[in-house]
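Descriptive structure summary
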2 protein chains.
Amino acid sequence: MLKGRTEAGLLTEEMIGQKVKLFGWVQTRRDHGGVIFVDLRDRSGVVQVVFNPDMANEGFLSAERLRSEYVVELEGLVRQRPEGSENPSMTTGGIEVVVGEFAILNRAKTPAFYIQDNLEVDETVRLKYRYLDLRRPELQKVLMVKHKVMQIMRSFLDQNGFLEIETPILGRSTPEGARDYLVPSRVNQGCFYGLPQSPQIYKQLLMVAGVEKYFQIARCFRDEDLRADRQPEFTQLDMEMSFIEIEDIIPLMEQLIAKIFLEVTGKEIPLPLPRLSYAEAMERYGSDKPDTRFGLELVDVAQVVRESGFKVFADTVAKGGRVMAVCAKGCSGMPRRELDDLTKFVSQYGAKGLAYIVLAEEGMKSPIIKFFTEEEIQRIIAAVGGETGDIIFFCADKEDIVFHALGNLRIELAKRLRLIPGDAVNCLWVTEFPLLEYDEEEKRFAAKHHQFTAPMNEDRELLDTDPLNVRSKAYDMVLNGMELGGGSIRIHQRDIQEKIFKLIGLSEEEAHEKFGYLLDAFEYGTPPHGGLAFGLDRLIMILTGRDNIRDVIAFPKTQSASCLMMQAPSAVSGQQLKELHIKTESGVKNGQNKTQNN
Amino acid sequence: MLKGRTEAGLLTEEMIGQKVKLFGWVQTRRDHGGVIFVDLRDRSGVVQVVFNPDMANEGFLSAERLRSEYVVELEGLVRQRPEGSENPSMTTGGIEVVVGEFAILNRAKTPAFYIQDNLEVDETVRLKYRYLDLRRPELQKVLMVKHKVMQIMRSFLDQNGFLEIETPILGRSTPEGARDYLVPSRVNQGCFYGLPQSPQIYKQLLMVAGVEKYFQIARCFRDEDLRADRQPEFTQLDMEMSFIEIEDIIPLMEQLIAKIFLEVTGKEIPLPLPRLSYAEAMERYGSDKPDTRFGLELVDVAQVVRESGFKVFADTVAKGGRVMAVCAKGCSGMPRRELDDLTKFVSQYGAKGLAYIVLAEEGMKSPIIKFFTEEEIQRIIAAVGGETGDIIFFCADKEDIVFHALGNLRIELAKRLRLIPGDAVNCLWVTEFPLLEYDEEEKRFAAKHHQFTAPMNEDRELLDTDPLNVRSKAYDMVLNGMELGGGSIRIHQRDIQEKIFKLIGLSEEEAHEKFGYLLDAFEYGTPPHGGLAFGLDRLIMILTGRDNIRDVIAFPKTQSASCLMMQAPSAVSGQQLKELHIKTESGVKNGQNKTQNN
């Protein structure tokens, strides 16, 4: 019985002389001079407990049977550790508990790995024994931080008048962008539910329903090939408000994020956050999620090179492409091998080469310097702010390739040059995104954020004449170069929504078939509205300093979307499939209790 | 922009003379003496706004175009209503807002039904236009209560050291009892995920993981045929604690429920709650979820009738059956037709008849009285506490039929006799459930609660000799005759869990195949643990006085598990099915944008 329990990690020197009751796991057991010492671990931490040979009730004999991960209940007296035996690396290292009564509540086999932090164990083993992995203090801490963040989010939004409302998991499949997970219907033969990729349409309908302020910590599902920071199901803090413009939602959301950082990490984020337009973010950082913890900004050198003798640059400018440069401070000693390496690096992003000028002490070194006049070179150096000791890197290509290549190059350089301050929290908004982008593969426009995002009022006329130059009322919050969340003011009028559907290539029939209920809803008094979603898992990763999304999810899936602990997904019985009116493709054995292994 | 907004329903007479900014929907518009009156509705309530013909900027002309459900933004002056025009039925009925500036933010077609409470509209129409239905104040109130209850739950559990932890929706199919919803895997061909019927196993594994105190407001899924109080997906407050016994969890949980009732309804629930053992609940009320807001208790009359001349009763007792009675006070005037009706009523529950004795003023009336001696009759009357004016009803049969028939009869009588106080909140625990019951159909034992429930320590030996008489450490909270929640102390030792699996007919292979990971986990230091789950939707129904579960879910499904608004489930493309390696059964057209209709 928990009554009267003290948690091990909360014992302090003030409790010396008190009798305490503890529950927990044996972390380690040591016999020393006829006395048994056990480090007892519970959720709160660890304390040393001592079993003396003169214990009553054969207690000492039991204590001799203790092994790692045995579960025990005990009562004992808190005392100061004998001088010289203190352990300053433990928060309870000045005290110990001398055991009076105790009982073994459960035994344990030797686990596949030690229950301790910084474990060097293959992740598949850790995932198979996830219930052991989660016992490790660093993962317990992640669970606690996640709980705390969810509590802060909810109470903040509650205080600001938001209602938490659950939306369905069994929804309608409307695949756009990512693949839907499907659920066959037993009652409606041949039909399927789709698991939501986000509650986007539901939250907009809640605004139509007059809820005015909605939020949900919502589970979302995407059947995509997984990367290190993706899971088949993930969680977002999802919000929507009526009667708002951008200036209503941005201050509120940055207050929330600042509050979370302050309460969890103690770090203050100065508000209001800086904002960059999409255009400026791309021009200066080559990215719509710029990491501004370091400089290495992109510089346009087209004006200087357009009439130069270097044909590659001049032609690029003439054809409407871009020629931009990044100046890497103090890198002139970079070996040739590393320069070649960087050329290979940018080629991943489509760049055909990486020109450079090394501003070495002993003079400039560069394969391209010969094509420029001395004056042109000085103008380039002045434009990028180059000094002796720097290297200037160039990329000349179509705009998106230049942004992509140099945007990634500056991050790569910052890592190599260790320019990123370890504990900086750099948070900003990017706004005025293009409403549309051109999908080369599908030969049509596609929504840059999503198809429900409203165009900026001043650009609305361009929808008919120059759609690619229409800016939207979208906004992303970027933290240390990662997209933490994003949202937009939505379209709330049927005619504009229909126009967007048409622009992105949905026929009138398709639009009606897929989104008819939403278009209908817009005709019954839909208020202006907008919202935002934060990726919870990514936020927790940042707050706890983890770089693997599986570390911040209690029961994660592998990159092949499997749970190694429960062996899911698994084969199911023929009876189950029959009731759902589906068959697996021939060649697949089923109903045979087959389970997959990875 | 929301800045400076006042909510309509929050306007008070103290604000007379102030300028306010309002956003909302036109509830009604009336022209009266050249002036336009609009009832403006937002989430908080309704206020009357007045448009005078002398408004600036053609405002009045715009106001003439207003129709129901138009969305408007306005600024105006709060003033006292002219004497005689107050509306005491509105909370803002003493004031009105004289409009200065205003704008129509969106128009509205005439909705399919009025946005008002106590609507007499076919539910299918309401569900199709759910975004309009939810605008009605009574459903808005439900959403607000649900939000508030979830906030109370979370902060209470947070304060008590519980961590909110998310468990997977894409789990493993382990059909037990109810049918699982399945999700075909794209990556693992021929395999399926199962949606969780509850997070039971995950929360037990979290206890193995040393989390000690877990909760989650969790979505659960059951693919069952739906009744009025069932939905394919539903929500439960799910909890689990380590190192506890029943006496730890029961007081905590009743504090939580009392807090919710107090904060939401203002009603005090006296604590501690009464407890009934399962055996006593069945004996006295014929139900394991007894409604004790009224008497009409069952009385065993076997001792009196066992040697009587009424062979039906005497034989039942002789064969080990039960003969029990319920005394309905003051019902002796009940017409014969109604008595026949009640006979039919109990026949639903398997009773072959319903004998009775009417203790009328003018003497006893009964078809069975002739079989008893005068002394036997007096002993029966004494046993049930009968008086002139009452009717005594009898049922003689196997025990479960007697309980079932008379347990339901007493509820039916209480309704007909209006014995149930409208605003009573009657909350109690039922404990000491049988661990197992006998499944006649499957000819095997089945778990009464579920297969992870621990037997009572004092009955553990009976597992080998008399399994049906083993009581469990299960507990249900019952509110006004409904099961509000339930839980148990769980098994935490492999050998006992294996014994239970065996008793309920799982072979060693099946147990390993389905629950091997759990049995394994039990061997690595599993603490004693237990928990509970409350049905959130049912709790909200009780708190808001709704009798339809669809009223307390924002986007519910019909009894055929469909969403009438979005037309889900729906047909999907052949491409989607191909990627999932499944086919629908022949005869079902697919990939044709077919949608089902109900």
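A quick note: this is a predicted structure, and the numbers were derived from the prediction, not measured. (Residues numbered from 1 in each chain as written. Chains lettered and ligands numbered in written order. Predicted model: local features only at pLDDT ≥ 70, side-chain atom pairs only at ≥ 80, totals over all residues. Heavy atoms only, no water.)

**Concerning the packing of aromatic side chains**
Applicable threshold: Aromatic contacts are taken between Phe, Tyr and Trp rings whose centres are within 6.5 Å, Trp giving its six-membered ring; a plane angle under 30 degrees counts as stacked, one over 60 as edge-to-face, and the others as tilted. The helix and strand labels rest on DSSP assignments: H or I over at least four residues marks a helix, E over at least two residues marks a strand, and numbering proceeds from the N terminus. Residue exposure (1.4 Å probe, protein chains only): buried if accessible area is under 20% of the type maximum, exposed if over 50%, otherwise partly exposed.
Summed over all chains, the structure comprises 40 aromatic pairs over all chains. Ring geometry for Y524(A) versus Y129(B): centroids 5.8 Å apart, planes at 70°, classification edge-to-face. Of the two residues, Y524(A) sits in the loop between α15 (508-521) and β22 (529-535) while Y129(B) sits in the loop between α2 (123-128) and α3 (130-133), which places them in two different chains. Measuring from centroid to centroid gives 5.4 Å for Y278(B) and F433(B), while their planes differ by 45°, and the two rings are tilted. Note that Y278(B) is positioned in helix α7 (residues 278-285) and F433(B) in the loop between β17 (427-431) and β18 (436-439), a separation of 155 residues in sequence. The exposure class of Y278(B) is buried, given its relative accessible area of 16%. Residue classification places F433(B) among the buried residues on the basis of a relative accessible area of 1%.

**Observations regarding the interface of chain A and chain B**
One widely used convention gives an interface's size as the accessible area the parts lose upon coming together. Put simply, the test is: Here, residues are in contact when the closest pair of their heavy atoms is within 4.5 Å. Defined in terms of a 1.4 Å probe, buried area is the accessible area two parts forfeit on being brought together, summed over both. In what follows, salt bridge is the name for a side-chain nitrogen of Lys or Arg lying within 4 Å of a carboxyl oxygen of Asp or Glu. Counted as a polar contact is a pair of N or O atoms within 3.5 Å, where, for protein atoms, one must be capable of donating a hydrogen and the other of accepting one, and residues adjacent in sequence contribute only when both atoms are in side chains.
Residue-level contacts link 137 residues of chain A with 137 residues of chain B. Of the roughly 11800 Å² buried where chain A meets chain B, counting both sides, 58% is carbon and sulfur surface. Counting across the interface, chain A meets chain B through 16 salt bridges. Here E166(A) and R219(B) are joined by a salt bridge, their closest N and O atoms 3.6 Å apart. Taken together, the connections running from chain A to chain B amount to 66 residue pairs in polar contact (both at pLDDT 80 or more). Looking at which element gives the most residues to the side of chain A that touches chain B, the answer is helix α4 (residues 137-159) of chain A, with ten residues.

**Brief notes about the packing of α4(A) against helix α6 (residues 246-265) of chain A**
Residue and element names in this part refer to chain A. Put simply, the rule is: Simply put, an axis is a line fit to the C-alpha atoms, just over the touching stretch for a helix, and the angle between two N-to-C directions goes from 0 to 180 degrees. In this scheme the crossing of two helices becomes right-handed for a clockwise turn of the near helix relative to the far one and left-handed for an anticlockwise turn of less than a right angle. Residues are grouped as follows: Ala, Val, Leu, Ile, Met, Phe, Trp, Tyr, Cys and Pro are nonpolar; Asp, Glu, Lys and Arg are charged; every other residue, Gly included, is polar.
Look at α4 against α6: their axes get within 10 Å of each other, and the N-to-C directions meet at 145°. In this structure, α4 meets α6 at a crossing whose hand is right-handed. Contacts from V145, K148, V149, I152, M153, F156 and L157 of α4 reach α6 at L252, M253, Q255, L256, K259, I260, E263 and V264. Grouping the amino acids of the contact of α4 with α6 by side-chain chemistry returns eleven nonpolar, one polar and three charged.

**Re the domain arrangement of chain A**
Going by this rule: Each domain's limits were defined by an automated method or a database of domain assignments.
Assigned domains within chain A: domain 1 (13-106), domain 2 (141-269 + 428-551) and domain 3 (294-420). Just the C-alpha atoms count here: the centres of domain 1 of chain A and domain 3 of chain A sit 64 Å apart.

**Re the relation of the copies chain A and chain B**
This is how the line gets drawn: Superposition of the copies used a least-squares fit over C-alpha atoms from residues whose pLDDT is at least 70 in both.
Turning chain A through 180° and shifting it by 0.0 Å along the axis lays it on chain B, with an RMSD of 0.1 Å. Both copies are brought into coincidence by an operation consistent with a two-fold rotation axis. Residue by residue, 100% of the interface of chain A is reproduced at the interface of chain B, so both copies engage with the same surface.

**Brief notes about the sheet that holds β22(A)**
Residues and elements named next belong to chain A. The criterion, for reference: Strand pairing is assigned whenever DSSP detects at least two bridges linking the two strands.
Strand order in this open sheet of eight strands is β6-β9-β10-β22-β21-β20-β17-β11, and the pairing throughout is mixed. One side of each edge strand has no neighbouring strand; the edge strands of this open sheet are β6 (163-164) and β11 (275-277). Sheet analysis places strand β21 (residues 482-489) next to β22, joined by five bridges and oriented antiparallel. Looking at the pairing, G486 lines up with A533 of β22. Taken strand by strand, α4 contacts β6, β9 (213-221) and β10 (233-242), and its axis lies near 150° from that of β9.

**Notes on the packing of helix α4 (residues 137-159) of chain B against helix α16 (residues 536-544) of chain B**
All names here are of chain B. Inclusion rule: These descriptions rest on fixed angle ranges, namely under 35 degrees for roughly parallel, over 145 for roughly antiparallel, 65 to 115 for roughly perpendicular, and the rest for oblique.
Across the interface, α4 lies against α16 with an axial gap of 10 Å and an inter-helix angle of 120°. Considered as vectors, α4 and α16 are oriented oblique to each other. Crossing of α4 against α16: the hand is right-handed. Between α4 and α16, the contacting residues are V142, V145, K146, V149, M150 and M153 on the first element and L536, D537, L539, I540, L543 and T544 on the second. Grouping the constituent residues of the contact of α4 with α16 by class yields nine nonpolar, one polar and two charged.

**Here's the deal with the sheet that holds strand β14 (residues 355-360) of chain A**
Residues and elements named next belong to chain A. Overall, antiparallel pairing links the five strands, which are arranged β12-β13-β16-β14-β15 in an open sheet. The strands lining the two open edges of the sheet, one partner per strand, are β12 (298-300) and β15 (363-365). Neighbour-to-neighbour, the strand axes of this sheet turn through a mean angle of 25°, independent of strand direction. Here β14 pairs with strand β16 (residues 391-397) via four bridges, running antiparallel. The partner of V358 across the bridge, within β16, is I391. Set on the sheet, helix α7 (residues 278-285) makes contact with β12 and β13 (322-328); between it and β12 the angle comes to about 95°.

**Some words on the confidence of the model for chain A**
In regions of low pLDDT, the predicted coordinates are not meant to be interpreted in detail. Cut-off, in case you're wondering: Per residue, pLDDT measures the predictor's confidence, with a range of 0 to 100.
Taken over all residues, the pLDDT of chain A has a mean of 93, while the share at 70 or more is 97%. Counting interchain partners and residues more than four positions distant, the pLDDT-below-50 stretch residues 587-598 of chain A has 35 contacts.

**Some details on unusual backbone geometry**
Comment: phi is negative for the bulk of residues other than glycine, and the bulk of peptide bonds are trans. Residue and element names in this part refer to chain A. With an omega of 0°, the peptide bond running from A568 to P569 counts as cis. Examined against the element boundaries, P569 turns out to sit in the loop between α16 (536-544) and α17 (574-579). Of note, the phi angle at E69 is positive, near 75°, even though the residue is not glycine. The topology assignment puts E69 in the loop between α1 (59-64) and β4 (71-80).

**Considering a negative patch on the surface**
Residue and element names in this part refer to chain A. We apply this condition: The residues that make up patches have over 30% relative accessible area and no salt bridge, and they are joined within 9 Å when like-charged or within 5 Å when they are Val, Leu, Ile, Met, Phe, Trp or Tyr. For accessible areas, the Shrake-Rupley method is used with a probe of radius 1.4 Å. Any residue's cover is judged against the shown protein chains and nothing else. In summary, the charge assignment counts Lys and Arg as positive and Asp and Glu as negative, without counting His or the chain termini. Think of each charge as sitting on NZ of Lys, CZ of Arg, CG of Asp or CD of Glu.
Taken together, the side chains of E13, E14, E83 and E86 define an acidic patch exposed on the protein surface. Along the polypeptide, E13 turns up in the segment before β1 (19-32). Residue E13 is classed as partly exposed on the basis of its relative accessible area of 45%.

**Thoughts on the side chain of Q200(B)**
Residue and element names in this part refer to chain B. Inspection of the secondary structure assignment puts Q200 in helix α5 (residues 200-208). Note on Q200: relative accessible area 9%, which makes it buried. Excluding residues within four positions of it along the chain, Q200 makes contact with H450, F452 and R490.

**Observations regarding the pattern of salt bridges**
Summed over all chains, the structure comprises 115 salt bridges over all chains. Across the pair D397(B) and K352(B) runs a salt bridge, and its minimum N-O distance is 2.9 Å. Taken together, the positions of D397(B) in strand β16 (residues 391-397) and K352(B) in the loop between α10 (336-347) and β14 (355-360) put the pair 45 residues apart, joining distant regions of the chain. One network of salt bridges, with partners in common, ties together R126(A), R130(A), D133(A), R136(A), E138(A), R546(A) and D551(A).

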